[in-house]
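# Summary of structural features
The residues making up each chain are set out below.
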Amino acid sequence: MSGVRVLVGTRKGAFVLTSDGKRADWDVTGPHFGGWEMYHVKGSPADPNRLYASQSTGWFGQVIQRSDDGGTTWEPVGNKFEYDGTTGTHQWYDGTPHPWEFARVWHLEPSLTDPDTVLAGVEDAALFRSTDGGHTWNELPGLRGHASGSSWQPGAGGMCLHTIIVDPSDPERIFVAISAAGVFRTDDGGESWRPVNRGLHSEGIPDDDAEVGHCVHRLAMHPSRPDVLYMQKHWDVMRSDDAGESWHEISGDLPSDFGFAIDVHAHEPETIYVVPIKSDSEHFPPDGKLRVYRSRIGGNDWEPLTKGLPQSNCYVNVLRDAMAVDSLDSCGVYFGTTGGQVYASADAGDNWAPIVRDLPAVLSVEVQTLA
Amino acid sequence: MIRVVLPAHLRTLAHVNREIELEVAGPPTQRSVIDALEARYPALHGTIRDPATQKRRAFVRFFACEDDLSHELPDAPLPDAVVSGAEPFIVIGAMAGG
């Protein structure tokens, strides 16, 4: 019988939510690592029992946890994230040079084919790779060593590499996104990188054609069309049809084009989801109504999805890594909120119900579709 | 034999009980005790000291014999009572919100 496993990272621990294919009744386990910030938990596409988790606190730093039994038991693996070579500097908020300092792992991206290979996006922005199941980590220094690296500046949440997408048709091609530097692409497995931000316009940058400096919040791709990318930027929802070479805006009739999360339907590459947030200072939904917006034509024309979601007095946020889809026949869509709810829809967003309502603030949601 | 008391989160991480005993090579100091601790419990690597700078993490404190040793130099000898095993070397998470 098919089923789903939802991996939830929160401010104070991780939770594993499981259900059968109907996605009506849920079993909840956790908190795992209670008291620790769990920025991300993700399973290996090549072995669903292999999970990786980023565990950190301001007290004791970064730990990487690994499970080989689908999240029942965990063991800490390696946490040596040492920048390669000369550390160098990036730009601080006040414009002065600031040494790169490792803070935490924001995102873990297991290989599509090898359970022991996993990429880690970290703050201060860099990309690391492990090929031994998380025991040892090595930086892919070509990214941070890009000529623009010394000019990168942190966003309000820190200078984080938060999105990693590996092209399923060409594992040498990887996209990453950094706040607030923008999108970078490699076509040689991570040796060399270049910014792919043409068409992005950010009011906080005086140069309208700036190559870097854009506060990209999240990227999404459908695996069947790796040249099509969707982006939720600080402001603006964007689309590229040429693997990031150029971008155009698809915000259309959204009530706000600010937000964090964006994702793509598992079976309909032109069906995309965002959660509009009122503004960059307010960080809650417009009008106190929690609405997922769905476009079935790849953007510009959006419909609000509200059934089962609070439509008054709702002032939560949905963070960048806190939305995911399953790949069952009727695509399931999931998202978590800073109010501790994890909502699920088993019918592509038409109807929603909370799986859990009272977790700590949700940082990330990932879904595994189980055979 | 040096007795070491760890905070709850690190005990969980290392799968140990409240107090542990460590053989320390050479004169016992903060550095040699933490070195021995990390060698015996690799899961604790980097949790007490920043792995890049080897400095004590800001929200970690070292206590012994009712004194705060946090600002002692890492190679300063530990108190005789810690060296003899009469008193433990205590690692604690500083009181801070979060």
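Please read these numbers as outputs of a predicted model, since none were measured by experiment.

Reading the values: the criteria
- Residues numbered from 1 in each chain as written.
- Chains lettered and ligands numbered in written order.
- Predicted model: local features only at pLDDT ≥ 70, side-chain atom pairs only at ≥ 80, totals over all residues.
- Helix = DSSP H or I, 4+ residues; strand = E, 2+ residues; numbered from the N terminus.
- Rg over C-alpha atoms; globule rule 2.2 N^0.38 Å.
- Buried ≥ 20, exposed ≤ 12 C-beta atoms within 10 Å, placed from the backbone.
- Contact = placed C-beta atoms within 7 Å.
- Pairing = 2+ DSSP bridges.
- Axes fitted to C-alpha atoms, helices over the stretch in contact; angles between N-to-C directions.
- Core = buried A, V, L, I, M, F, W, Y, C linked by C-beta atoms within 7 Å.
- Arc of directions from axis to C-beta.

## Thoughts on the overall build of chain B
Tallying secondary structure elements over chain B gives three helices and five strands in all. Its helices and strands taken in sequence order, chain B reads β-α-β-α-β-β-α-β from the N to the C terminus. By the compact-globule yardstick of 13 Å for 98 residues, chain B fits well, its C-alpha radius of gyration being 12 Å. When its C-alpha atoms are laid out on the principal axes, chain B stretches across 35 × 25 × 25 Å. For chain B, the proportion of its 98 residues judged to be buried stands at 27%. Taking contacts inside chain B between residues at least 6 apart in sequence as the whole, the part at least 24 apart equals 53%.

## A word on the sheet that holds strand 18 (residues 216-221) of chain A
Residues and elements named next belong to chain A. Taken together, four strands build an open sheet; the order of strands is 18-19-20-21 and the sheet is antiparallel. Only two strands of the sheet have a single partner each, and these edge strands are strand 18 and strand 21 (248-249). As defined by bridge partners, strand 19 (residues 229-233) adjoins strand 20 (residues 237-240) across four bridges and the pair is classed as antiparallel. When the bridges of strand 20 are listed, leucine 229 appears paired with serine 240.

## Focus: the interface of chain B and chain A
Facing 15 residues of chain B, the contacting portion of chain A comprises 12 residues. Top element by residues in the side of chain B that touches chain A is helix 1 (residues 8-14) of chain B. It accounts for three residues.

## Considerations on the sheet that holds strand 1 (residues 3-10) of chain A
All names here are of chain A. With antiparallel pairing, the four strands of this open sheet are ordered in space as 3-2-1-30. Two strands lie at the open edges of the sheet, namely strand 3 (27-32) and strand 30 (362-370), each paired on one side alone. Between one strand axis and the next, the sheet turns by 15 degrees as a mean value, whatever way the strands run. One ladder, built from eight bridges, connects strand 1 with strand 30; its direction is antiparallel. Pairing of glycine 3 across the sheet is with leucine 370, part of strand 30.

## Some thoughts on unusual backbone geometry
Residue and element names in this part refer to chain A. A cis amide bond, omega 0 degrees, links glycine 30 with the succeeding residue proline 31. Tracing the backbone shows proline 31 in strand 3. Between serine 179 and alanine 180 the backbone carries a cis peptide bond, its omega angle lying at 5 degrees. Its place among the elements puts alanine 180 in the loop between strand 15 (174-179) and strand 16 (182-186). For asparagine 300, which is not a glycine, the phi torsion comes out positive at approximately 75 degrees. Residue position: asparagine 300 is located in the loop between strand 24 (292-295) and strand 25 (303-305).

## A few points about the pairing of strand 16 of chain A
Within a regular strand, the side chains alternate between the two sheet faces. All names here are of chain A. The buried count for strand 16 comes to four of five residues, which makes it a mostly enclosed element. The pairing of strand 15 with strand 16 spans five bridges and is antiparallel. By the bridge assignment, phenylalanine 175 is partnered in strand 16 with arginine 185. Taking the residues that link successive antiparallel strands as the turn, the strand 15-strand 16 hairpin has two residues. Relative to strand 17 (residues 194-195), strand 16 is paired through two bridges, and the arrangement is antiparallel. The residue bridging arginine 185 from the neighbouring strand is arginine 194, located in strand 17.

## Points about the environment of asparagine 317 of chain A
Residues and elements named next belong to chain A. Along the polypeptide, asparagine 317 turns up in the loop between strand 25 and strand 26 (323-325). Judged by C-beta crowding, with 20 C-beta atoms within 10 Å, asparagine 317 ranks as buried. Distance in space between the C-alpha atoms of asparagine 317 and phenylalanine 260 is 8.7 Å, their sequence separation being 57 residues.

## Some words on the nonpolar core
Tyr334 and Val342 of chain A are the most contacted members of the largest nonpolar core, which has 128 residues in total. The greatest single-element share of this core, amounting to five residues, is contributed by strand 15 of chain A.

## Observations regarding helix 2 (residues 30-40) of chain B
All names here are of chain B. For helix 2, the full list of buried residues reads Gln30, Val33, Ile34 and Leu37. Summarising the axial view, the buried residues of helix 2 lie within an arc of 95 degrees, below the 170-degree limit, and thus occupy one face. Those residues of helix 2 that are buried lie in contact with strand 1 (2-5), strand 2 (19-22), strand 3 (60-64) and strand 5 (89-93).

## Considerations on the environment of glutamate 268 of chain A
All names here are of chain A. For glutamate 268, the location among the structural elements is in the loop between strand 22 (262-264) and strand 23 (272-274). On the basis of neighbour counts, which here come to 13 C-beta atoms within 10 Å, the residue glutamate 268 falls in the partly exposed class. In sequence terms glutamate 268 and glycine 298 are 30 residues apart; their C-alpha atoms lie 9.6 Å from each other.

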